[in-house]
Amino acid sequence: MNVVVVESPAKAKTINKYLGPGFQVLASYGHVRDLPAKDGSVDPEHDFAMEWEVDGKSEKHLRAIAEATRGASNLYLATDPDREGEAISWHVREVLEQRRALKGVAVQRVVFNEITKAAITEAFRHPRELNRELVDAYLARRALDYLVGFTLSPVLWRKLPGSRSAGRVQSVALRLICEREAEIEAFKPQEYWTVEATFLTEDGNRFTARLTHLAGRKLEKLDIGTAAAAAAAVAAVEARTFHVGPVERKQVRRHPQPPFTTSTLQQEASRQLGMTASRTMRTAQRLYEGVDIGGETVGLITYMRTDGVQISGEAIAAARRLIHSRYGERFVPDAPRVYRTQAKNAQEAHEGIRPTDLFRTPDQVAAHLSDEERRLYELVWRRTVASQMESALLEQVGADLLSGDRQVTLRATGSTLLFEGFLKLYREGRDDAEDEDGERRLPPLVDGASVDRQGVTSEQHFTQPPPRYSEASLVKRLEELGIGRPSTYASIIEVLQDRGYVRLDRKRFVPEDRGRLVTAFLTGFFEKLVQYNFTAELETGLDAVSDGRIDWRQLLRDFWQEFNAQVAQTKDLSIKDVVTALDADLGRHFFPDTGEGGRDPRACPTCGDGRLGLKLGKFGAFIGCSNYPECRYTRPLAIEGGDGTASAEGDPNVPKKLGEDPDTGLPVWMRKGPYGQYVQLGDADGGDKPKRQSIPKGLAPGDVTLDTALALLALPRTVGTHPESGEPILAGIGRFGPYLKHGSVYKSLGAGDDVLTIGLNRAVDLLASAPGRGGRQPGRPVGEHPDDGKPITVHAGRYGPYVQHGDIRATLPKGMVADAVTVAVALPLLAERAAKAPAKAGGRKRAAPKAAATKAPAAEGKAAAKAKAAPKPKAAASKTTTAARKSAPKAAGKPAAAKTAKPSTARRKPAAGDDR
């Protein structure tokens, strides 16, 4: 037997079909162990020795892998083809070696870039050893992140109360956002005017030209700075006649963009689809792992964590055939396009992100995908095909309109698309509005021809500050600076929002005051750590480790020596020193000079002669008066601006109207309650309570549109019908968050699944691993009982498979396979079990209580809970629960023992996702 280990059960299921009966494919469910969240897990004093701990959720998966490996011929580690995948394989091997499960087993590494039968088969023909350099790079990165977090965060907690934590790369990304906000606040807009005139050619064609020269001098952007100057310029144009000067024509080619990398996919998905980086990666993961198409699970795109832009020769050939058949020979370039990665610190040489089969068009697979999956697949498909298409050909035209005295000149520009080329299929999105003059169409113009001037207009403008970062522009900037890895950008952005350091407002990042305080503190006292070039150099060092050019421990030694010295310098740092530094740095933000009659923005509004400044309290920062305690004026830090007032647009406490429900005409609101933000249909001033739905974690309030709110309010929704039971599967949001419900079984949804878009295949997979009430799984129907016609089902129980009829359950004999159970097999087992079990109220049969009492101490906690609910005399109930409290663990026994005198109030805690 050959054992194969992959990360996810979905991937395991697909690969098992491809490999056949000689292989057993098991899932590790991601990383199986990590550094314990405690000080000392990385020990610099002993050459950065690392202590690893198996995750509690991973233990059962590791046991299954170890059990399967013992006695196997080969163990193939087939995790993802990047550093994280290499690290997971290394962890699995290390744990199995420690458990002595690899005796006589050959361990090999297998990598593939796409989950297709051809790719999998080819990969297993060429296994290799674990790449030690990639593992070392992972160890160095994990140790760096741990050392920064566990060393710097306590400093923040002590010196900057209210702060949560700091990370190596997140802190630099936060600095980018905060510095951009400071630029915006310091920006002073300047007024300027433009003057345009409309002309008619001799053929009656109309076009527009902009004033570029006045009084024989070329105008700069800000030269016309007032309305009076603009009026004078308009008069100068109106006083003259014009003719066409030299006409410049040139043809330019626009070349297609290369296939997607992780970074460019996140950018374009943000620009064109409005998807966050984390949602983009989750959706791409599902497309990579495969979807059910015609009864076969097929991986639709190649691996989505990559810096590479090159694609295989087979894919290029397929693209050229597709382009020829769909668009014609003219759209196929003479030679295939070959792209090369430009990033200096690009990771492993993976392909760019592309469809596994280009002839599997978006229209063909749309019926099998969710809306998000379909849109993202179409984006990848279009980009890949366009990357092999012919360049677009444009003719750019520019002409000067000259006055007779040559004192006034206007410029007309435009372009004509001569050949669409790749633009027929794909146009790249833009982060911000750009000058569209080049997109204008001009009529035919001839040098020296006279033109008839029509109207002349002027328009007022103001210079604009640099825009706040969107997800796309932030990802682009991080990549340009060489900070972090593209595959980590989604988690970086998510962490910044979860910690309350930034928020999304109209899809732009706005730093919260907490985030600005952290940035100011780190910049003031750990300046080098948040320097862009220092972080980029660390990334370069990590890449050198993965190439085998630097020893990973030496990299850590060099970093730790300097970083530890910086931390040591803060030991004697007083809170007063911190406040003084932060007050000086952020004063302009919190106390902006509005220019109102010379009023001092720091003057205390209560006592008049006190000076307002930044203060640090037990629960964080606030604004207070220097005359404390005589003057007790305080106010919270501003949400926007520095005058202490909250903007309704940016304040989450102010209800925001998203629009109206087209069916009922009722307003749809987004509000904030004690448990977070939620959407609401209608107002609360009527007799009926309006319908409400909480916003799930991971969905930024700034991303909630009217359509999203209506979809949330329509929950729970029917995902589909379960293929085995025929019962509907519902998706909704309950008191414990998003969940799936199938019959009486609930399954909470994790961060990787969207309650609004999760599909039937994914739901069935999740429910297959979901414990239902009492730990039951959805059963497989066996047949009907001859006595009452009720169904007999077979289940995978906690202690082995069993059959069930009504409330009677009978464990299968040892060695009997659940799939072999028929009605004839089940009837004697059920009859034997029914005869042994004593009757209970309501006709339900159970095993004797004594059997349950012999289980682990946790069962005694359950017995105590039952005693609490049973209608016994008060004294007896107290005695039972006291005994249970003494013998049961605290987590199980204490709640049950606390309240035993009121059996009628005993309630079962709902399962995760239970919405009752």
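Since the structure is predicted, the reported quantities are computational estimates derived from the model, not experimental observations.

So, how was this worked out
Residues numbered from 1 in each chain as written. Predicted model: local features only at pLDDT ≥ 70, side-chain atom pairs only at ≥ 80, totals over all residues. Heavy atoms only, no water. Helix = DSSP H or I, 4+ residues; strand = E, 2+ residues; numbered from the N terminus. Areas by Shrake-Rupley, 256 points an atom, 1.4 Å probe, with all protein chains shown as cover. Polar contact = N/O pair within 3.5 Å; in protein donor to acceptor, adjacent residues only side chain to side chain. Phe/Tyr/Trp six-rings, centres within 6.5 Å; stacked < 30°, edge-to-face > 60°. Buried < 20%, exposed > 50% of the residue type's maximum accessible area, 1.4 Å probe, protein only. Lys NZ or Arg CZ within 6 Å of the ring centre and 35° of its normal. Arc of directions from axis to C-beta. Contact = heavy atoms within 4.5 Å. Pairing = 2+ DSSP bridges. Right-handed = clockwise from strand over helix to strand, strands pointing away. pLDDT = per-residue confidence, 0-100. Axes fitted to C-alpha atoms, helices over the stretch in contact; angles between N-to-C directions. Parallel < 35°, antiparallel > 145°, perpendicular 65-115°, else oblique. Nonpolar A, V, L, I, M, F, W, Y, C, P; charged D, E, K, R; others polar. Salt bridge = Lys/Arg side-chain N within 4 Å of Asp/Glu carboxyl O. Disulfide = S-S within 2.5 Å.

Student: Please give an account of the overall build of the protein chain that cites residues and values.
Tutor: Summing up its helical and strand segments, the protein chain has 25 helices and 34 strands in all. Taken as a whole, the protein chain presents about 45600 Å² of accessible surface, with 50% of it coming from carbon and sulfur.

Student: Give a description of the side chain of His-722 that names residues and reports values.
Tutor: Among the secondary structure elements, His-722 is positioned in the loop between β27 (717-721) and β28 (728-734). From its side chain, His-722 meets the backbone nitrogen of Glu-724 in a polar contact 3.1 Å long.

Student: Residue-level account of the packing of aromatic side chains, with values.
Tutor: This model, assessed by the stated rule, comprises 18 aromatic pairs. On the basis of an interplanar angle of 25° and a centroid distance of 5.8 Å, the ring pair of Phe-199 and Phe-207 is categorised as stacked. Here Phe-199 falls in the buried class, since its relative accessible area comes to 0%. Every member of this aromatic cluster is reached through a ring pair, and the members are Phe-521, Phe-525, Phe-526, Phe-534, Phe-559, Trp-560 and Phe-563. Across the ring face of Tyr-532, the terminal group of Arg-175 is positioned such that the distance to the ring centre comes to 5.3 Å.

Student: Account for helix α20 (residues 760-768), with residues named and values stated.
Tutor: For α20, the set of buried residues is Ala-763, Val-764, Leu-766 and Leu-767. Taken around the axis of α20, the buried residues stretch over an arc of 165°, which confines them to a single face. Tucked inside the fold, the buried residues of α20 contact β27, β28, β29 (737-742) and β30 (745-748).

Student: An account of the pairing of strand β2 (residues 23-27) is needed here, citing residue identities and associated values.
Tutor: Pairing analysis gives 5 bridges linking strand β1 (residues 2-6) to β2, with the strands arranged parallel. Note that in β2 the partner of Val-5 across the bridge is Leu-26. Handedness of the crossover joining β1 and β2 through helix α1 (residues 9-19): right-handed.

Student: Explain the confidence of the model for the protein chain to me, using residue names and the numbers behind them.
Tutor: The predicted model of the protein chain averages 82 in pLDDT, with 84% of residues at 70 or higher. Contacts from residues 434-438, a stretch scored under 50 in pLDDT, to residues over four places away or in other chains number 5 contacts. This stretch, residues 839-916, has a pLDDT under 50; its non-local contacts, to residues over four places away or in other chains, come to 76 contacts.

Student: Which residues make up the packing of helix α5 (residues 132-159) against helix α17 (residues 552-569), and what values go with them?
Tutor: For the pair α5 and α17, the least separation of the axes is 10 Å and the interaxial angle reads 10°. Of the possible angle classes, the one that applies to α5 and α17 is roughly parallel. Contact with α5, carried on its side by Asp-136, Leu-139, Ala-140, Ala-143, Leu-144, Leu-147, Val-148, Thr-151, Leu-152 and Val-155, involves Trp-552, Leu-555, Leu-556, Phe-559, Trp-560, Phe-563 and Val-567 of α17 and no other residues of that element. Its residues assigned to classes, the contact of α5 with α17 shows 15 nonpolar, 1 polar and 1 charged.

Student: I'd love a proper account of the pattern of salt bridges, names of residues and values included.
Tutor: Per the counting criterion, the structure on display carries 49 salt bridges. Note that Glu-86 is salt-bridged to Arg-109, the shortest N-O span being 3.0 Å. With Glu-86 in helix α3 (residues 83-98) and Arg-109 in strand β8 (residues 106-109), the pair connects residues that are 23 residues apart, well separated along the chain. What makes Glu-86 buried here is its relative accessible area of 1%. The exposure class assigned to Arg-109 is buried, which follows from its relative accessible area of 0%. Note that Glu-539 is salt-bridged to Arg-141, the shortest N-O span being 3.0 Å. Of this pair, Glu-539 sits in helix α16 (residues 532-546) while Arg-141 sits in helix α5, and the two are 398 residues apart along the sequence. Of the two residues, Glu-539 and Arg-141, both sit in the buried class. Look at the salt bridges and you will find they share partners, linking Asp-371, Arg-374, Arg-375, Glu-378 and Arg-382 into a network.

Student: Any details on unusual backbone geometry? Residues and values, ideally.
Tutor: For the bond running from Leu-715 to Pro-716, omega is 0°, close enough to zero to count as cis. Relative to the helices and strands, Pro-716 resides in the loop between α19 (706-713) and β27. Of note, Asp-47 is a non-glycine position whose phi angle comes to about 55°, a positive value. Mapped onto the fold, Asp-47 is located in the loop between β4 (42-43) and β5 (49-50). Even without being a glycine, Arg-406 presents a positive backbone phi close to 60°. Mapped onto the elements, Arg-406 comes out in the loop between β15 (392-403) and β16 (408-419).

Student: Mind laying out the sheet that holds β30, listing which residues take part and the relevant values?
Tutor: Pairing between the strands of a sheet is mediated by backbone hydrogen bonds and can be parallel or antiparallel. Here we have 4 strands laid out as an open sheet, ordered β27-β28-β29-β30, and antiparallel in their pairing. Bordering the open sheet on either side are β27 and β30, each of which pairs with just one other strand. The mean angle between the axes of side-by-side strands here comes to 25°, regardless of whether they run parallel or antiparallel. As paired elements, β29 and β30 share 4 bridges and run antiparallel to each other.

Student: Any details on the pairing of strand β12 (residues 242-254)? Residues and values, ideally.
Tutor: Alignment of β12 against β15, held across 11 bridges, turns out to be antiparallel. Paired with His-243 across the two strands is Leu-402, which belongs to β15. Across 2 bridges, β12 lies against strand β17 (residues 450-462) in antiparallel orientation. Bridge pairing in β17 places His-243 opposite Ser-450.

Student: How would you sum up the state of the cysteines? Please name residues and give values.
Tutor: Evaluation of the coordinates by the stated rule reveals 0 disulfides. Free of any disulfide, Cys-625 has its nearest cysteine sulfur in Cys-604, 3.7 Å distant. Not part of a disulfide, Cys-631 finds its nearest cysteine sulfur in Cys-604, a span of 3.7 Å.

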